[in-house]
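# A closer look at the structure
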4 protein chains.
Amino acid sequence: MQRMAGKEPIKVGILGATGTVGQRFITLLSVHPWFTIHALGASSRSAGKVYAAAANWKQITYMPNAVKDMIVHECKPEPFAECAIVFSGLDSDVAGEIESAFRAADLAVFSNAKNYRRDPHVPLIVPLVNPEHLSIIGQQQALHSPPLKKGFIVTNANCSTTAHVIALAALEKAFGPLETLMITTLQAISGAGYPGVPSLDIIDNVVPYISGEEEKIEWETRKILGGMEEMEGQTVSGRPLQQFDMHAQTPLKISAACNRVPVTTGHMINVSLKFSRRPPPSPQQVCEALKAYRSDAQLQGCPSAPLQTITVHDAPDRPQPRMDRAHQDGAGINVGRVRQCPVLDIKFVVLADNVSIGAATSSIINAEYAVLQGVVSS
Amino acid sequence: MQRMAGKEPIKVGILGATGTVGQRFITLLSVHPWFTIHALGASSRSAGKVYAAAANWKQITYMPNAVKDMIVHECKPEPFAECAIVFSGLDSDVAGEIESAFRAADLAVFSNAKNYRRDPHVPLIVPLVNPEHLSIIGQQQALHSPPLKKGFIVTNANCSTTAHVIALAALEKAFGPLETLMITTLQAISGAGYPGVPSLDIIDNVVPYISGEEEKIEWETRKILGGMEEMEGQTVSGRPLQQFDMHAQTPLKISAACNRVPVTTGHMINVSLKFSRRPPPSPQQVCEALKAYRSDAQLQGCPSAPLQTITVHDAPDRPQPRMDRAHQDGAGINVGRVRQCPVLDIKFVVLADNVSIGAATSSIINAEYAVLQGVVSS
Amino acid sequence: MQRMAGKEPIKVGILGATGTVGQRFITLLSVHPWFTIHALGASSRSAGKVYAAAANWKQITYMPNAVKDMIVHECKPEPFAECAIVFSGLDSDVAGEIESAFRAADLAVFSNAKNYRRDPHVPLIVPLVNPEHLSIIGQQQALHSPPLKKGFIVTNANCSTTAHVIALAALEKAFGPLETLMITTLQAISGAGYPGVPSLDIIDNVVPYISGEEEKIEWETRKILGGMEEMEGQTVSGRPLQQFDMHAQTPLKISAACNRVPVTTGHMINVSLKFSRRPPPSPQQVCEALKAYRSDAQLQGCPSAPLQTITVHDAPDRPQPRMDRAHQDGAGINVGRVRQCPVLDIKFVVLADNVSIGAATSSIINAEYAVLQGVVSS
Amino acid sequence: MQRMAGKEPIKVGILGATGTVGQRFITLLSVHPWFTIHALGASSRSAGKVYAAAANWKQITYMPNAVKDMIVHECKPEPFAECAIVFSGLDSDVAGEIESAFRAADLAVFSNAKNYRRDPHVPLIVPLVNPEHLSIIGQQQALHSPPLKKGFIVTNANCSTTAHVIALAALEKAFGPLETLMITTLQAISGAGYPGVPSLDIIDNVVPYISGEEEKIEWETRKILGGMEEMEGQTVSGRPLQQFDMHAQTPLKISAACNRVPVTTGHMINVSLKFSRRPPPSPQQVCEALKAYRSDAQLQGCPSAPLQTITVHDAPDRPQPRMDRAHQDGAGINVGRVRQCPVLDIKFVVLADNVSIGAATSSIINAEYAVLQGVVSS
């Protein structure tokens, strides 16, 4: 990855900087070719301390020297005023108010929190799938009171939604709309943050339940894979209002079942699906479409987008979390066992690094894409 | 459990006695109210040794004193001649020939091996579901050359098939035939025997593949849940030939996806299903039917049948392998999270102890039922 | 275990009833031959609720019906007034005040908490080792202001101290005092309570540190293995004051190193030791002494004392937590690999169930012993 | 790491190339600045196949393209004739004969196998400790029949010996000879190779025994930390015969206890030790000496030697296998919890990556050092 020729580094801030997602943001941004970490925010308990004293560092790579001595701020807009981009790894119990305040202060927020994912004017973007949903930002700014020039909120998806939706996007692009989706997840403990899952609950065990997760997968998938449509007769600033169509042209039935398993990182997902198109593509055609898929984020030159969006495995027992999660620093996804489904059309497994493409990496590619589109003024 | 009043203990033998399933047979049979262990068989490497020297004991309960000094025999019929019942925990690579030889020697074999499960004259019995399939034994004996008086082979099902098929049987009994079944398994390592799964393959990992397992589940489920029908115009000993109908009257579409997870014991299964009947039963009705289900094995008085065939959990995060597998010594199954499926009708999770009702306990209840039916001459 | 002939059940209370140790107390006491659960205490958050609603039950055996509908009280003496014995599974941050208040209300408290272990008038008793230390109770009552008739506090030891100290007691009984002790522990996660150790900290990992644990082991071992001596010229109620001699006659050097490992239950301890006696006993003699050891608690008839205090394993790779922790319901300890130490005299490994003999079971046997000694008025 | 200016790549071969250690050799050597993989050897089962077909690849990084199509040979010297260096990752049951044959064919063998570690003319080298023991090679060649020009065998140590011996070397360098050593290991499953430890033996478990390991640690430590001395009156080729003194000048008492824990990679070792010198150094002095230690391999310019030989951790709960094993690609070691030992002088924990510095990386640095010394003719 190269610095953009002749460009100054773009200043970015990180909210929730001491948490699990915040630490991942720091790890990735400390070596980012475009961005430079300018401000860190956390709870009042951490504010005023240097980062090395405030954070209980839980990453496998060591804490970057660049942040060790940075003073952690409270999550208020002022210290972030110079940041062209603010990444949010906040917990959902505080993300709502804080992100709203940052947007109102005309700051561009790229959030990993769930709070605004269902807002009709906030795009929910998996950067390897639907970065074009960024186009809703103008409307979000125009409808804000008072209207905003630079501030907005962009969200990325739940870690388990992200994993399978990339594969589905590749298939819809090649073969047209999906009609039915059955998903069973085997999710890693890091998806629950830190301290997260107590060890007594998960060693030698499986927990067949993750609160709210199934509903999130079913809802988010439709917003991400769906398009946008004009709302008849409704305008803002003279332009027609847009809304997300939630995959309305081909209603998409989705059933998700979520399980927590004793794996540190890497969500494994069993997918079965049915296409609208009859006859459906063969497993061989599906493999080829998955391998050939290139995200627009990659084509446009986002430096954090993976070279190979979807790695398709031939070995019958791959992908596996421990063996495949670190490939491409977790920025792409892995698919394997593509075969016919006796009930629907096709089944396969997906593996994605839930802390990388499933969280911080998605936010970062979203921001890169926004820079390339000129949505962020750097 | 009580000895049968006024009855002598019934002598039983165990083939594959040093293996994982054999050890479980020994554990259970050493305290059985009806049966007494009379002969042990294993490979020629173990033959001639006392059991304590031959077996690498891997059970959590200690080796029963009664078997420690028993001499292990080769798996040949002679030393088992006095056994009214022979349980087989043999590996499939040797079970075919040995079980056949035992049957030919007029011995009653209850096998956990897969070799004869698809034989059209051998019943595949999950004792809490279809013990009535024992009725094929007469035909199996009559068609043998030369015809047999007492010898036969009865098989029980694969450990993951057993788990869900008990729940399905309860539902078909209450609401009529199923039409569609989607199954995703999270299977314990003990299902692979010993040494089985290398630890490097499964710690902090999931393996989304178990060789042959999906096909077994799809096939065995139909044989077990299906009925029997007369083959027109074909008779043996003057009685019409019977065949398994493989659930033919309502064709049952089944799609299974199998995963190995780092859990010692307890297969967890995510099930979604569709009934023929419209409208389908509600989740509440499904729960009631599962709770109310009583197996014929229990009603007839099989001492190893669980008091509660299906334990339905109300807590949203149960059952779990480590918490629920030992309930009723693993002889029943656990169901939880019964809810509507947005794609099919109903979804839920099943947990079963794969080494108990999923293996040895099933064989033993099958034998108990056969005793009660007079099929075994004790 | 039999009810004591012609005796009424003895009413007992449980403090910290909703916690990990409290749940274990309930599990054990609900089937106890002498004791009946009469009152449950927990934090004000739980008080007023029925137990089934207040507790997040985490035991592998199901919640006993007898407690499901019991109302949970705050931890104040009044509702426990009829209890002849009060077991405390309280956290150390509240145990100090509450246990003191219960004692002041003339209640007999058997505590698993660490708060009073170092009190010079409170006995620290591992019931299979030093129940004779109960004799300090008279002095504890006499020195209380105002003096007590029935109230007192008895503590049991840290879960890792308990494990090895039982083996050491057997060896000191047979061969005289020890002089040097090197201990390295591999401790289970259940030792840290619930939620306890975050799974992200321990899956595929070892944590070579448990706060305060090494110092506790080094200190507690001396108090438990030591004797009592009269304090010259000091009396209470006309009798000479006693003090614990902390193994003073043969100063005992102890070095402990503590590690947390990804095991649910069962502390494994590597011990090396040196006797005062020259020449030291051989490994063979050590094995025999360990096997022969009978605790006074057992000899006096405590129903929860294990039949075999120390199970000595011959297999070179035993004991192991998963295989041996459940033996005798975890009431005894396991020793293996007894061999010469090239630096000290003898080395071996000890395994103990940290939630049974390492916690609740010890408190219960202590109470049983106190009943047999007439210290508790039932 | 840079290619040596103006030098051709040095051709190397790998024996046991399909095994665990062999795969690690391939991973490291495929990106080595000096060496190029020229020939691969494995069992006759693999011979004749391309490597991609022969190997069951179990590394987390993907198989290097450079070896995928290389034909695997039997382990006979001919196809390795052009290799200046042959690395051996052979199992000990075949390493003895094969390595001997390669040496006899005048090939330089750097072996990870245990077979020749105790040979009085073969150096046992932990490259960050005693590379000067390479000087025995001349004698090894001279005593061979017929005498050798280029062939020899160099071994590296057991994976658990390697870990602690590096820390001990640093301490002996700073403070003079050690006198007593107590070691308790918590060893990762990858130390047992593949398939290695069955998962049923280690999930939720600890195995307090590794066959032969304790004796190996006790013996190897003395050979590595010891010096060399002339054997009075014995010469070869006119020069006095050398022998390893096994730390004879200050006899070193060592007691090791070995445990297997459910960790994929990273041996954790609890060390207590006593110096000859009175008074002994303080924990603070020990920390400083560990941090300051530079290996001769690093000073001489071995490209695979770590920049920081020993990383000393300040956090009380570090190092930990999952958090620290990957630091410097596992080429250095980690030390933490340096503190006083109440029995000996000092205690601390060591963590080392058993598959890197504990195995293949050691062999490779040994070879690099030999190249720099001119012992290998490249």
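Residues numbered from 1 in each chain as written. Chains lettered and ligands numbered in written order. Predicted model: local features only at pLDDT ≥ 70, side-chain atom pairs only at ≥ 80, totals over all residues. Heavy atoms only, no water.

Per an unreviewed UniProt entry, chain A goes by Aspartate-semialdehyde dehydrogenase and derives from Mycena citricolor. Among the UniProt annotations of chain A, the heading Catalytic activity (unreviewed entry) holds the following wording: "L-aspartate 4-semialdehyde + phosphate + NADP(+) = 4-phospho-L-aspartate + NADPH + H(+)". What UniProt states about chain A under its Sequence similarities (unreviewed entry) heading is, verbatim, "Belongs to the aspartate-semialdehyde dehydrogenase family." (UniProt positions renumbered as here; feature names shortened; annotations may be inferred.)

On to the interface of chain D and chain C. Each partner contributes residues to the interface: chain D has 47 residues there, and chain C has 47 residues. With both chains or domains summed, chain D and chain C bury close to 3,500 Å², and 58% of this area falls on carbon and sulfur atoms. On the surface where chain D and chain C come into contact, there are eight salt bridges. Applying the counting criterion to the chain D and chain C interface returns 23 residue pairs in polar contact (both at pLDDT 80 or more). Where the side of chain D that touches chain C is concerned, the elements lending two or more residues are strand S7 (178-187), helix H7 (199-202), helix H8 (213-225), strand S10 (253-260), strand S11 (267-275), helix H11 (321-324), strand S13 (333-340) and strand S14 (346-352) of chain D. Broken down by element, the residue count for the side of chain D that touches chain C peaks at seven residues, all from S10 of chain D. Grouping the amino acids of the side of chain D that touches chain C by side-chain chemistry returns 26 nonpolar, 10 polar and 11 charged. (Contact = heavy atoms within 4.5 Å. Buried area = accessible area lost by both parts, 1.4 Å probe. Salt bridge = Lys/Arg side-chain N within 4 Å of Asp/Glu carboxyl O. Polar contact = N/O pair within 3.5 Å; in protein donor to acceptor, adjacent residues only side chain to side chain. Helix = DSSP H or I, 4+ residues; strand = E, 2+ residues; numbered from the N terminus. Nonpolar A, V, L, I, M, F, W, Y, C, P; charged D, E, K, R; others polar.)

The transform that puts chain D on chain C rotates by 180 degrees and translates by 0.0 Å along the axis, for an RMSD of 0.0 Å. In short, the pair behaves as if placed about a two-fold rotation axis. (Least-squares fit on C-alpha atoms with pLDDT ≥ 70 in both.)

Attention shifts here to the state of the cysteines. Summed over the entire model, instances satisfying the criterion amount to zero disulfides over all chains. Residue Cys 302 of chain A stays outside any disulfide, its sulfur separated by 20 Å from that of Cys 83 of chain A, the closest cysteine. Note on Cys 302 of chain A: relative accessible area 4%, which makes it buried. Cys 341 of chain C carries a free sulfur, and the closest cysteine sulfur to it, the one in Cys 341 of chain D, is 12 Å from it. The exposure class assigned to Cys 341 of chain C is buried, which follows from its relative accessible area of 6%. (Disulfide = S-S within 2.5 Å. Buried < 20%, exposed > 50% of the residue type's maximum accessible area, 1.4 Å probe, protein only.)

All names here are of chain C. Take His 32: it is sitting in the loop between helix H1 (20-29) and strand S2 (35-42). Counting along the chain gives 271 residues from His 32 to Pro 303, while the straight-line C-alpha distance between them is 8.5 Å. Here Trp 34 takes part through its backbone nitrogen, which lies 3.0 Å from a polar atom of the side chain of His 32.

In this section: the pairing of strand S7 (residues 178-187) of chain B. All names here are of chain B. A large share of S7 lies buried, amounting to nine of its 10 residues. In the sheet, S7 pairs with strand S11 (residues 267-275) via eight bridges, with the strands oriented antiparallel. The residue of S11 that forms the bridge with Thr 180 is Lys 274. Pairing between S7 and strand S10 (residues 253-260): eight bridges, direction parallel. Looking at S10, one finds that Thr 180 is bridged to Lys 253. (Pairing = 2+ DSSP bridges.)

On to the relation of the copies chain B and chain A, then. Aligned on chain A, chain B shows an RMSD of 0.0 Å; the corresponding rotation is 180 degrees and the shift along the axis is 0.0 Å. Taken as a fraction of all interface residues of chain B, those also at the interface in chain A reach 100%, which identifies the copy contact as same-surface.

A few words on the sheet that holds S10 of chain D. Residues and elements named next belong to chain D. The strand order across the open sheet built from six strands is S10-S7-S11-S14-S13-S12, with neighbouring strands paired in mixed fashion. Each end of this open sheet is capped by a strand with a single partner; those strands are S10 and strand S12 (310-312). Taken pair by pair, the neighbouring strands of this sheet meet at an average axis angle of 20 degrees, ignoring direction. Packing against the sheet, H8 makes contact with S7 and S10, and its axis sits at approximately 140 degrees to S10. (Axes fitted to C-alpha atoms, helices over the stretch in contact; angles between N-to-C directions.)

Here we come to the UniProt feature "active site" (unreviewed entry) in chain A. Residue and element names in this part refer to chain A. Under the present numbering, the feature "active site" (unreviewed entry) in UniProt falls on Cys 159 and His 267. Spatial clustering of the annotated residues is evident: they stretch over 109 residues in sequence, but the largest pairwise C-alpha distance comes to 8.0 Å. Mapped onto the secondary structure, Cys 159 falls in helix H6 (residues 159-175). Among the residues examined, Cys 159 registers a relative accessible area of 13% and is labelled buried. Excluding anything up to four places from it in sequence, Cys 159 contacts His 267, Asn 354 and Gly 358. When you line up the elements, His 267 lands in strand S11 (residues 267-275). Excluding its chain neighbours within four sequence positions, the residues that come into contact with His 267 are Cys 159, Ser 160, Leu 186, Gln 187, Ala 188, Gly 191, Arg 260, Val 350, Leu 351, Ala 352 and Asn 354. A distance of 3.5 Å separates the side chain of His 267 from the side chain of Gln 187, its partner in a polar contact.

Here the focus is unusual backbone geometry. A cis amide bond links Tyr 194 of chain A with the next residue in sequence, Pro 195 of chain A, at an omega value of 5 degrees. Topologically, Pro 195 of chain A is positioned in the loop between strand S7 (178-187) and helix H7 (199-202). Cis rather than trans, the peptide bond between Arg 278 of chain B and Pro 279 of chain B has omega equal to -10 degrees. You can see Pro 279 of chain B is positioned in the loop between S11 and helix H9 (283-292).

All chains considered together, the criterion is met by 48 salt bridges over all chains. Among the salt bridges present, the one from Glu 215 of chain A reaches Arg 118 of chain A, with a minimum N-O distance of 2.6 Å. Taken together, the residues span a long stretch of sequence, with Glu 215 of chain A in helix H8 (residues 213-225) and Arg 118 of chain A in the loop between strand S5 (108-111) and helix H5 (137-143) at a distance of 97 residues. Between Asp 345 of chain D and Arg 278 of chain D there is a salt bridge; the shortest N-O distance is 2.4 Å.

What follows is about the interface of chain B and chain A. By a widespread convention, an interface's size corresponds to the accessible area lost as its parts come together. With 47 residues of chain B at the interface, the matching set in chain A holds 47 residues. In total, chain B and chain A occlude about 3,500 Å² of area from one another, counting both sides; carbon and sulfur atoms represent 57% of this. On inspection of chain B and its partner chain A, the count reaches eight salt bridges. For Asp 204 of chain A, the salt bridge is made with Arg 325 of chain B, and the minimal N-O distance between the two is 2.9 Å. Across the contact surface, chain B and chain A share 23 residue pairs in polar contact (both at pLDDT 80 or more). At seven residues, S10 of chain B tops the list of elements feeding residues into the side of chain B that touches chain A. Counted by class, the side of chain B that touches chain A contains 26 nonpolar, 10 polar and 11 charged residues.

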